[in-house]
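One letter stands for each residue in the lines below.
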Amino acid sequence: MLVGAAVPVHAASDYSSAEKLRKLDIMLMVTALRCRHGSQNFQRDYEKFSAAHNVTMQGAAKTLQASYATKAGAKGARRQLDTISVGMANRYGQGHPWLECAELKQVTQNLAADRDSSRLLAAADELLANSRPAKFAMKR
């Protein structure tokens, strides 16, 4: 697992947490697709991650949907969720800014194996940073 303090997910009930979780999920999905050719393919690991944290990720999506629907209606909510997804896909389509496929594979395996969803927000803070956090480390 990534090193970092556990941060309660609170069922992804607040907008900020829900957005981080959604972005983490999209980043892992996009980078898994990007790294799918070669020895560092981690698509199966991403699928395991998705299954392990499905309830948390679905809760995050529902929180975002409800927040956007309140502000912009159902159609506007779908449009806003699409905007987040496309933005993240564009950001990571050419690769992660500081993690290579091998590291992403290890991180994804660690996240999939750790059933404690409370650590996902700490992982998101680290993994979505524009540069490698000073205290970033992975268990192997």
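Keep in mind the model is a prediction, meaning the values are calculated, not measured. (Residues numbered from 1 in each chain as written. Predicted model: local features only at pLDDT ≥ 70, side-chain atom pairs only at ≥ 80, totals over all residues. Heavy atoms only, no water.)

### A word on the pattern of salt bridges
Turning to step 1, where the next piece is worked out: Tallied over the full model, the rule gives six salt bridges.
Turning to step 2, where the next piece is worked out: Glu103 is the partner of Arg132 in a salt bridge, and the nearest nitrogen-oxygen pair spans 3.0 Å. Residue Arg132 is found in the segment after α5 (120-127), and its partner Glu103 is found in helix α4 (residues 101-113); the two are separated by 29 residues along the sequence.
Turning to step 3, where the next piece is worked out: The exposure class of Arg132 is partly exposed, given its relative accessible area of 39%.
Turning to step 4, where the next piece is worked out: When its relative accessible area of 18% is taken as the criterion, Glu103 is described as buried.
Turning to step 5, where the next piece is worked out: Note that Asp116 and Arg119 form a salt bridge whose closest N and O atoms lie 3.3 Å from each other.
Turning to step 6, where the next piece is worked out: For Asp116, a relative accessible area of 31% translates into the label partly exposed.
Turning to step 7, where the next piece is worked out: Because the salt bridges share partners, they merge into one network encompassing Asp114, Asp116 and Arg119. (Salt bridge = Lys/Arg side-chain N within 4 Å of Asp/Glu carboxyl O. Helix = DSSP H or I, 4+ residues; strand = E, 2+ residues; numbered from the N terminus. Buried < 20%, exposed > 50% of the residue type's maximum accessible area, 1.4 Å probe, protein only.)

### With respect to the state of the cysteines
Turning to step 1, where the next piece is worked out: All chains considered together, the criterion is met by one disulfide.
Turning to step 2, where the next piece is worked out: The disulfide partner of Cys35 is Cys101, and the gap between their sulfur atoms is 2.0 Å. Taking the sign of the S-S torsion, about -80° here, the bridge from Cys35 to Cys101 comes out left-handed. Taken as a pair, Cys35 in the loop between α1 (15-34) and α2 (43-52) and Cys101 in helix α4 lie far apart in primary sequence, 66 residues in all.
Turning to step 3, where the next piece is worked out: Here Cys35 falls in the buried class, since its relative accessible area comes to 4%. (Disulfide = S-S within 2.5 Å.)

### A word on the packing of aromatic side chains
Turning to step 1, where the next piece is worked out: Scanning the entire structure with this criterion turns up two aromatic pairs.
Turning to step 2, where the next piece is worked out: Seen in terms of ring centroids, Tyr15 and Tyr68 are 5.7 Å apart; in terms of plane orientation they differ by 75°. Their pairing is edge-to-face. Within this pair, whereas Tyr15 is found in helix α1, its partner Tyr68 is found in helix α3 (residues 54-92), the two being separated by 53 residues in sequence.
Turning to step 3, where the next piece is worked out: Between Tyr46 and Phe49, the ring centres sit 6.1 Å apart and the planes meet at 35°, which makes this aromatic pair tilted. One end of the pair, Tyr46, and the other, Phe49, are both in helix α2, three residues apart, so they sit about a helical turn from each other.
Turning to step 4, where the next piece is worked out: A relative accessible area of 13% means that Tyr46 is categorised as buried.
Turning to step 5, where the next piece is worked out: Lys71 extends its terminal NZ or CZ atom over the ring of Tyr15, reaching a point 5.3 Å from the ring centre. (Phe/Tyr/Trp six-rings, centres within 6.5 Å; stacked < 30°, edge-to-face > 60°. Lys NZ or Arg CZ within 6 Å of the ring centre and 35° of its normal.)

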